[in-house]
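Here is what each chain is made of, one letter per residue.
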Amino acid sequence: LSAQSGEVFFSKPVKLGKEVNSACDESSPVLSRDGKTMYFTRVYCAENTGGEKAGQDIWYSKRKEDGSWTTALKLSKNINNRFDNAPYAVDENGNLYISSIYLKTGYMAPGISMIKPLANDSLFSDPEPVIIKNARFKPNSFLSIALSPKGNVMILSKAKKEYTDPEDLFVSFKGDSGWSEPVNMGLTLNTIGYETSPFIADDDSTIYFSSNGHPGEGEGDIFMSRRTDESWLHWTKPENLGNKINSTGFDGFFSILPSGEAYFISGDNPKSPGDIFTTHIIKSYVPVNVKVIDEKTKLSINNCTITSFVSRDPAPIEQQVALNGAAVFRLKNVLQRYTFVVHAPGYLSSDETLD
């Protein structure tokens, strides 16, 4: 058995309504783990703290029972100020990771803070700095992060060095003493261009990010890659999500829920304000190659029948007659264990499991 890189197809994106998108520039959509709350930023917005020419503010919207979104509101005043305020990620406890370190002087320093939800959707605790060992962030440079579903892995998009642009992807691990020193995730993902706005999918193995260094459709495209081991340093070649998702402008901040529902932004620049779009997976599968050989001779076995099952489910998924001892199964790309059973004349039946 050998599994190839999976293929994913998305529906035509739909721009969210005026409850979320406005004449301002919307960016950085972050979904709560249950998908019921969306945090995002508005830039060049007169309603922001400090007005249109000040920094960006964090806004939020709640999902209604019919799937639509409520009219967006700003987070509390202890979070939004006249500087740049942006959401990064939500952990499994509902804590929101946001931009910058809030100083007692009222100013901001480059870095990451965490806020905890309080009595209602708009009220959060005062920001607490997130300490990452030996992490240095360049002032006035772009920073974004992603958290793994369990909250123990962080992917950071940050300047390669304190004084160098553009951004690369780095990984940090949460231990008993805090977050480890960020490690560059390597040349398969990172290029001489920028890699930004990462997101870790619910399978804990697939990441999405935006880049202008890999071949694409425009200014910055959304890509997908899967890790191949537990180090978080080895990845499959990034796959462009295609021109149904990516435009000639900047596309990024892609996030996807376990249901396959996804959100991202497109057209993020002052002349063409960015908006938040939604799409969903309409097909996702992994090609699995099955080769049947004689254990002694190592030759292919002709006219064998191969049946695939979801483990512990007696109902077969698919059955193929492999005349030359080989077949390709296209299995749904979900977290399941599959079993393949082989029957051939003159041989004992055999089975093998693929996780």
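Everything numeric here is computed off the predicted structure, so don't read it as measured data.

A. Main features of the packing of aromatic side chains. Inspection of every chain in the model, using the stated rule, returns 13 aromatic pairs. Taken together, a centroid distance of 5.8 Å and an interplanar angle of 20° make the contact between phenylalanine 264 and phenylalanine 277 stacked. With phenylalanine 264 in strand E22 (residues 261–266) and phenylalanine 277 in strand E23 (residues 275–291), this residue pair connects regions lying 13 residues apart in the sequence. You'll find phenylalanine 264 and phenylalanine 277 in the same group, each marked buried. Members of the aromatic cluster, joined through ring pairs, are Phe10, Tyr208, Phe254, Phe264 and Phe277. Just above the ring of tryptophan 59 sits the side chain of arginine 42; from NZ or CZ to the centre is 4.3 Å. Here the guanidinium or amino end of lysine 158 rests over the ring plane of phenylalanine 170, the centre of that ring lying 4.3 Å away.

B. The sheet that holds strand E17 (residues 195–200), seen in detail. Strand order in the open sheet formed by four strands is E17-E18-E19-E20, and the pairing between neighbours is antiparallel. Each edge of the open sheet carries a strand with a single partner, namely E17 and strand E20 (239–240).

C. Representation of the pairing of E22. The buried fraction of E22 amounts to six of the six residues, a majority that puts the element mostly inside the structure. Neither face of E22 is exposed, since Glu261, Tyr263 and Ile265 on one face and Ala262, Phe264 and Ser266 on the opposite face are all buried. Note: strand E21 (residues 251–256) against E22, four bridges, orientation antiparallel. If you follow glycine 252 over to E22, its bridge partner there is isoleucine 265. Linking E21 to E22, which pair antiparallel, is a turn of four residues; within it glycine 260 sits at a positive phi near 95°.

Criteria and thresholds
Residues numbered from 1 in each chain as written. Predicted model: local features only at pLDDT ≥ 70, side-chain atom pairs only at ≥ 80, totals over all residues. Heavy atoms only, no water. Phe/Tyr/Trp six-rings, centres within 6.5 Å; stacked < 30°, edge-to-face > 60°. Helix = DSSP H or I, 4+ residues; strand = E, 2+ residues; numbered from the N terminus. Buried < 20%, exposed > 50% of the residue type's maximum accessible area, 1.4 Å probe, protein only. Lys NZ or Arg CZ within 6 Å of the ring centre and 35° of its normal. Pairing = 2+ DSSP bridges.

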